[in-house]
Amino acid sequence: MTDLTIRPATPNDLDHLVAWNAAMAAETEDKTLDRAVLTAGVRGVLDEPRRGFYLIAERDGEPVGSLLVTYEWSDWRNGDFFWIQSVYVVESARRSGVFRALYAAVEQRAREAGAVGMRLYVEHENHRAQKTYEGLGMQRCDYHMYEVEFG
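Attention here is on the structure that accompanies the text. (Residues numbered from 1 in each chain as written. Predicted model: local features only at pLDDT ≥ 70, side-chain atom pairs only at ≥ 80, totals over all residues. Heavy atoms only, no water.)

**Comments concerning the environment of Gly-135**
Alright, step 1. With respect to the secondary-structure elements, Gly-135 resides in helix 4 (residues 127-135).
Alright, step 2. What makes Gly-135 exposed here is its relative accessible area of 56%.
Alright, step 3. C-alpha separation for the pair Gly-135 and Arg-100, spaced 35 residues apart in sequence, amounts to 9.7 Å. (Helix = DSSP H or I, 4+ residues; strand = E, 2+ residues; numbered from the N terminus. Buried < 20%, exposed > 50% of the residue type's maximum accessible area, 1.4 Å probe, protein only.)

See below:
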C-alpha cells in the first residue's frame, strides 16, 4: 500500500483545485463552470481563511483528491457546522480510502475547533456518494435546500 497524507492546500494547489472543481461539476451535475469565476472563487478561499479551507490528499507525494470546508454558524447550537463541499478524488484513486482519509481529517479539525457538527449536500441521484457518507456515520437530514442565484 502506498502512503496517503492529508495536508492543507496552498496557493500552489490552485491549478489542481480549479481543474478538480470543474471536473466534479461536469461529472456530478453535467455543468460547465466558468474557469475565470471558478479560479477567483478558489483563490478567494486560499486568500481568506475566514471563508474556509481546502484539504489535499496526496499519495506518494502526488495530489489525488481534495475537498473544501466552509463554516455555518448555528444560533440554535451556539457553534459552527463544518460544511464539506467540492469533494473530488481522481478516478485512479477512487474507492481506495482517499475520501475516508479526507473526511477523518475534517472531523478531527472540526472537533478540535469545537464545531457542533459536520454537514454536506449531495445530488439526489448520486447513490454511490450517499452510501459512502452513510458508511461514515452521516445521516440524511429532513431539510430541503432552496436557493436563489444573483447574476
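Having put the structure on the table, let's press on.
**A word on the pairing of strand 3 (residues 62-74)**
Alright, step 1. With 7 bridges joining them, strand 2 (residues 53-59) and strand 3 adopt antiparallel strand pairing. Bridging from a neighbouring strand, Tyr-54 pairs with Leu-68 of strand 3.
Alright, step 2. Connecting strand 2 to the antiparallel partner strand 3 that follows it, the hairpin turn spans 2 residues, and Asp-60 within it adopts a positive phi of roughly 50°.
Alright, step 3. As judged from the 9 bridges shared by strand 3 and strand 4 (residues 79-89), these two strands associate in the antiparallel manner. Looking at the pairing, Glu-72 lines up with Phe-81 of strand 4.
Alright, step 4. Linking two consecutive strands that pair antiparallel, namely strand 3 and strand 4, is a turn of 4 residues; a positive phi of about 55° is found at Asn-78 within it. (Pairing = 2+ DSSP bridges.)

**Structural notes on helix 4**
Given 3.6 residues to a turn, an α-helix orients residues that are three or four positions apart in the same direction.
Alright, step 1. Listing the buried residues of helix 4 in full gives Ala-129, Gln-130 and Tyr-133. The buried side chains of helix 4 occupy one side of the element, clustering within an arc of 100° when seen end-on. Opposite the packed face of helix 4, turned more than 90 degrees from it, sit the exposed residues Arg-128, Lys-131 and Gly-135.
Alright, step 2. Considering only its buried residues, helix 4 is in contact with helix 3 (98-112) and strand 5 (117-120).
Alright, step 3. Downstream of helix 4 by a residue or two, Gly-137 has a phi angle that is positive, lying close to 100°. (Arc of directions from axis to C-beta. Contact = heavy atoms within 4.5 Å.)

Spatial relationships are all this shows, so hold off on functional conclusions.
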